[in-house]
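# Reading the structure
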Amino acid sequence: ASKQSGGYASGHASHQNGLDVDLHYYHTNDNEMDPYDTRGFDESFVIKGKLSANFDVPRNWALMKALVASGKISRIFMDPVIKRAFCA
């Protein structure tokens with residue numbers, strides 16, 4: 001869920017314009033976050049340069065492909081460790 005005109009996100013001043021969004025990645029343990037919880041993320045998927053085993057590469061890759069296929073996304077920024085996992 002998002003606010004109509006954006007909203008505060010720690011460390012993300014550009015979210016104030018309502019055009020940017022942070023997505024929470026899918027977990028392999030299916031313990032997903034409540035989409036209405038705006039307190040932040042419950043897990044870091046990259047720790048000390050390594051990808052967490054709880055990062056669901058196939059489902060998250062499918063999500064990225066769907067976002068790009070929508071034609072409504074101009075850029076996707078992600079941790080280089082996650083990008084390498086998708087490229088593999």
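A brief structural summary. Quick caveat, the model's predicted, so the values are computed rather than measured. (Residues numbered from 1 in each chain as written. Predicted model: local features only at pLDDT ≥ 70, side-chain atom pairs only at ≥ 80, totals over all residues. Heavy atoms only, no water.)

### Brief notes about the side chain of D56
The criterion, for reference: Note on conventions: DSSP H or I runs of at least 4 residues are helices, E runs of at least 2 residues are strands, and numbering of each starts at the N terminus. It only takes one pair of heavy atoms within 4.5 Å for two residues to be counted as in contact.
Here D56 is to be found in the loop between β2 (50-51) and α1 (57-69). Residues within four places of D56 in sequence aside, it is in contact with Y26, H27 and T28.

### A few points about a nonpolar patch on the surface
Note the following rule: A patch consists of residues whose relative accessible area exceeds 30% and which take part in no salt bridge; residues with like charges are grouped when within 9 Å of each other, and nonpolar side chains (Val, Leu, Ile, Met, Phe, Trp, Tyr) when within 5 Å. For accessible areas, the Shrake-Rupley method is used with a probe of radius 1.4 Å. Any residue's cover is judged against the shown protein chains and nothing else. One side-chain nitrogen of Lys or Arg within 4 Å of one carboxyl oxygen of Asp or Glu is enough to make a salt bridge. Summary of the burial criterion: residues with accessible area below 20% of their type's maximum are buried, those above 50% are exposed, and those between are partly exposed, where the area comes from a 1.4 Å probe applied to protein chains only.
Among the surface-exposed residues, V68, I73 and I76 lie close enough to one another that they form a single nonpolar patch of about 240 Å² accessible area. As for its placement among the helices and strands, V68 is situated in helix α1. The exposed category is assigned to V68, whose relative accessible area is 53%.

### What to know about unusual backbone geometry
Backbone geometry at K48 places phi at a positive 50°, although glycine is not the residue there. Its place among the elements puts K48 in the loop between β1 (46-47) and β2. Given the relative accessible area of 82%, K48 is considered exposed.

### Quick notes on the packing of aromatic side chains
We apply this condition: Two aromatic rings from Phe, Tyr or Trp, using only the six-membered ring of Trp, form a pair when their centres are within 6.5 Å; if the ring planes differ by under 30 degrees the pair is stacked, by over 60 it is edge-to-face, and anything between is tilted.
This structure, assessed with the given rule, holds five aromatic pairs. Between the aromatic rings of F45 and F55, the centroid separation amounts to 5.4 Å while the plane-to-plane angle is 70°, which identifies the pairing as edge-to-face. With F45 in the segment before β1 and F55 in the loop between β2 and α1, this residue pair connects regions lying ten residues apart in the sequence. Accessibility expressed as a relative area gives 5% for F45, which makes it buried. With a centroid separation of 5.9 Å and 45° between ring planes, the pair formed by F55 and F86 is classed as tilted. Here F55 is found in the loop between β2 and α1, whereas its partner F86 is found in helix α2 (residues 80-87), with 31 residues between them in sequence.

All we've got here are geometric facts, nothing functional implied.
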